[in-house]
Amino acid sequence: MSTTTIEGRTGPWEVIIGLEAHCQVIAKAKLFSGAATEFGAEPNTQVSLVDAAFPGMLPVINRCCVEQAVKTGLGLDAEINLVSIFDRKNYFYADSPAGYQISQYTRPIVGKGKITLDLPDGKSREVAITRLHLEQDAAKSLHDQHPSLTYVDLNRAGVALMEIVSEPDMRSAEEAGAYLRKLRSILRYLGTCDGNMEEGSLRCDCNVSVRKPGAPLGTRCEIKNVNSIRFVMQAIEYEARRQIEVIEEGGTIAQETRLFDAGRGVTRPMRSKEQAHDYRYFPDPDLLPLTLDAAWVEQLRRRLPELPDAKKARFVADYKLSPYDAGVLVGEQASADFFEAVAKGRDAKLAANWVMGDLFGALNRLGRGIEQSSVTAAALGELLDLIADGTISGRLAKDVFAAMLETGKSASTLVEERGLRQVTDTGAIESAIDAVLAANGDKVAEYRSGKEKLFGFFVGQVMKATEGKANPGVVNELLRGRLAPPGRGK
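Because the structure is predicted, anything quoted here is derived from the model rather than measured. (Residues numbered from 1 in each chain as written. Predicted model: local features only at pLDDT ≥ 70, side-chain atom pairs only at ≥ 80, totals over all residues. Heavy atoms only, no water.)

J.: Explanation requested: the overall build of the chain in the structure shown.
T.: Along its length, the chain carries 15 helices and 16 strands. Relative to the globule expectation of 23 Å for 490 residues, the C-alpha radius of gyration of the chain, 30 Å, shows a markedly less compact shape. Expressed as lengths along the three principal axes of its C-alpha atoms, the size of the chain is roughly 100 × 55 × 55 Å. Sorting the 490 residues of the chain into buried and exposed places 49% on the buried side. Of the contacts made within the chain by residues no fewer than 6 positions apart, 67% connect residues no fewer than 24 positions apart. (Helix = DSSP H or I, 4+ residues; strand = E, 2+ residues; numbered from the N terminus. Rg over C-alpha atoms; globule rule 2.2 N^0.38 Å. Buried < 20%, exposed > 50% of the residue type's maximum accessible area, 1.4 Å probe, protein only. Contact = heavy atoms within 4.5 Å.)

Here it is in structure tokens:
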């Protein structure tokens, strides 16, 4: 267990963090109705009579949503409960037409599991998963459509959510960020949730408390519906320091639900924290217990894709990458697939450097994902082949890559069009060296008297004279011979 602490006026404090991730299931229909789930539709155009809670309407479970939940549980190395129960969670808000939410409480579909965190220092550790349960999403209240009225959009009402609850195993905002990044990666690999926090398909509640190291758990506050990993980390940092200040000033922490104000970077009270009995859970009388077939679950297990941790281990073993590099590349399946296509039959470390450095850097500047890259894996592979066979130098390759991004042309086409083919003719290189040495006689004398650091200067001048086209290996070899003191040259 990590022992990260925060220093207060009275010494170190330990932060205890548990996260509840609300993950929208990828499915064409809602959890208990046939209404569509497409994001961005006109308000109240994707609503069935079940979603609107008309009297006499009965819920019917969506098999696809159940399958997605089981796959997610398997991907989290979790227990799959072959019998689970849907409960009614009673509360009264305008965005809940029925006055209750169909959820799972005492017997969820997925039990204990785990997620392995990849930490910045290269270490890893596990965070335990308490449960995954299926539930309906609520509708959406719109407060900015009228000066005195609140409108309600029922499109989201009844959409299937997987609530994934962690144990309070995290001890810093950085660990919470690593947890969410890994969880989102697993969900995307599985194809069970797109993890798009901007569209609300992944939202997070943060449970935060503080204590003196080794002391009993403190009173926790829950920060509701945080919609980005950066905001989750900011909210935890602020809330931990707020609680420490309150306690150090002689106050006590009230168990409450809070909201994160992203504009001001602070949390503020929303309401006192409800307990389970406040919701008056009871089994939904309209739904039978959900019973799964063990053979069906095993069939889903066998069909799981290679997940991030397994892929990372394979990249380290097969491609001899560092754990850090492998972790970066497997973060998104598209990035991992792109790298493997570039690395096939080539120097894997060189391929990784180009994908993570030049390609990722360019895509970040352009605000694109790897799926929108104008340089395909095949095109980048061709560029690396031109470096490997000596057609262009590594430095010229940077210029070629920039032109590939801009024009969409292949590396070989650009090399021919722009006359960038590397000069390997020793006669031409020797002529350039002779000119450089003749123009810098004073520095030649300094080098021969012991200032060997000047060698880089001569290499640079030769490369400049040849417009970067000279083969660096040949330049280095010929220069060393020419710069050797008389009588010791080649």
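J.: What is the right way to read the packing of aromatic side chains from this model?
T.: Both the distance between ring centres and the angle between the ring planes are used here to describe each pair of aromatic rings. Scanning the model with the defined rule gives 11 aromatic pairs in all. Taking the centre distance of 5.4 Å and the plane angle of 80° together, the rings of Phe-32 and Phe-86 count as edge-to-face. Of the two residues, Phe-32 sits in the loop between strand E2 (11-24) and helix H1 (63-75) while Phe-86 sits in the loop between strand E3 (83-84) and strand E4 (87-90), which places them 54 residues apart along the sequence. Looking at Phe-32, the relative accessible area reads 3%, which means it is buried. (Phe/Tyr/Trp six-rings, centres within 6.5 Å; stacked < 30°, edge-to-face > 60°.)

J.: How do you make sense of unusual backbone geometry when you look at a structure like this?
T.: Not every positive phi belongs to a glycine, and Asn-44 is a case in point at roughly 60°. Here the phi dihedral of Asp-77 falls at roughly 55°; this positive angle occurs in a residue that is not glycine. Mapped onto the elements, Asp-77 comes out in the loop between H1 and E3. Classification of Asp-77 as partly exposed rests on a relative accessible area of 49%.

J.: In this structure, what is going on with the side chain of Lys-312? I would like to understand it.
T.: Mapped onto the elements, Lys-312 comes out in helix H5 (residues 308-319). The contacts of Lys-312, once residues within four sequence positions are left out, are Asp-118, Pro-323, Ala-326, Gly-327 and Val-330.

J.: What exactly am I supposed to notice about a nonpolar patch on the surface here?
T.: Taken together, Leu-49, Phe-54 and Met-57 make up a surface patch of nonpolar side chains, about 270 Å² in accessible area. Along the chain, Leu-49 turns up in the loop between E2 and H1. What makes Leu-49 partly exposed here is its relative accessible area of 44%. (Patch = residues over 30% accessible without salt bridge, like charges linked within 9 Å, V, L, I, M, F, W, Y side chains within 5 Å. Areas by Shrake-Rupley, 256 points an atom, 1.4 Å probe, with all protein chains shown as cover. Salt bridge = Lys/Arg side-chain N within 4 Å of Asp/Glu carboxyl O.)

J.: Any chance you could explain the domain arrangement of the chain here in plain terms?
T.: Domain parsing of the chain yields domain 1 (5-300), domain 2 (303-417) and domain 3 (426-483). Domain 1 and domain 3 are separated by 64 Å when their C-alpha centres are compared. (Domains from an automatic or database assignment.)

J.: Just to check I follow, could you spell out the pairing of strand E11 (residues 202-211) for this structure?
T.: Across the 10 residues of E11, 10 count as buried, placing the element largely inside the fold. Here E11 shows a buried face lined by Leu-202, Cys-204, Cys-206, Val-208 and Val-210 and a second buried face lined by Arg-203, Asp-205, Asn-207, Ser-209 and Arg-211. Pairing between E11 and strand E12 (residues 221-226): 4 bridges, direction antiparallel. In the strand pairing of E12, Asn-207 is matched with Glu-222. (Pairing = 2+ DSSP bridges.)

J.: Would you mind going over the sheet that holds strand E5 (residues 100-103) with me for this structure?
T.: Hydrogen bonds along the backbone pair up the strands of a sheet, which may run parallel or antiparallel. A sheet is described by the order of its strands in space; here 3 strands give the open sequence E5-E4-E15, paired in antiparallel fashion. The open sheet has two edge strands, E5 and strand E15 (282-283), and neither has a second partner. Where E4 and E15 come together, 2 bridges link them in antiparallel fashion. Paired with Asp-87 across the strands is Pro-283, a residue of E15.

J.: Is there a simple way to explain helix H14 (residues 455-465) in this structure?
T.: An α-helical turn contains 3.6 residues, so a residue and the one three or four places further along point in the same direction. The set of residues buried in H14 consists of Phe-455, Phe-458, Val-459, Val-462 and Met-463. Projected down its long axis, H14 carries its buried residues within an arc of 135°, all on one side. Facing away from the buried surface of H14 by more than 90 degrees, the exposed residues are Lys-464 and Ala-465. A positive backbone phi angle near 60° is found at Glu-467, which sits one or two residues after H14. (Arc of directions from axis to C-beta.)

J.: Would you take a moment to explain the nonpolar core for this structure?
T.: Grouped burial of nonpolar side chains is what soluble globular proteins tend to show. Core analysis: the biggest nonpolar cluster contains 109 residues, and Leu-19, Val-70, Ile-109, Tyr-179, Phe-339 and Leu-383 have the highest contact counts within it. When residues of this core are assigned to domains, at least three map to each of domain 1 (5-300) and domain 2 (303-417). Counting residues in each nonpolar core, the second largest holds 17 residues, with Leu-437, Phe-455, Met-463 and Leu-483 among its members. (Core = buried A, V, L, I, M, F, W, Y, C linked by side-chain atoms within 4.5 Å.)

J.: Sorry, what's going on with the side chain of Thr-72 here?
T.: Mapped onto the secondary structure, Thr-72 falls in helix H1. Overall, the relative accessible area of 0% leaves Thr-72 in the buried class. Polar side-chain contacts of Thr-72 include one of 2.8 Å to the backbone oxygen of Gln-68. (Polar contact = N/O pair within 3.5 Å; in protein donor to acceptor, adjacent residues only side chain to side chain.)

J.: It is not clear to me how the packing of helix H8 (residues 348-366) against helix H9 (residues 377-388) should be interpreted in this structure. Could you clarify?
T.: For any two helices packed against each other, one specifies the crossing angle of their axes together with the interaxial distance. Running from amino to carboxyl end, H8 crosses H9 at an angle of 125°, the nearest separation of the two axes being 11 Å. Between H8 and H9, the angle falls in the class oblique. Crossing geometry of H8 relative to H9 is assigned as right-handed. Residue-level inspection shows Leu-350, Ala-351, Trp-354 and Val-355 of H8 in contact with H9, the latter providing Leu-380, Leu-383, Leu-384 and Ile-387. In terms of residue class, the contact of H8 with H9 is built from 8 nonpolar, no polar and no charged. (Axes fitted to C-alpha atoms, helices over the stretch in contact; angles between N-to-C directions. Parallel < 35°, antiparallel > 145°, perpendicular 65-115°, else oblique. Left-handed = near helix turned anticlockwise from the far one by under 90°. Nonpolar A, V, L, I, M, F, W, Y, C, P; charged D, E, K, R; others polar.)

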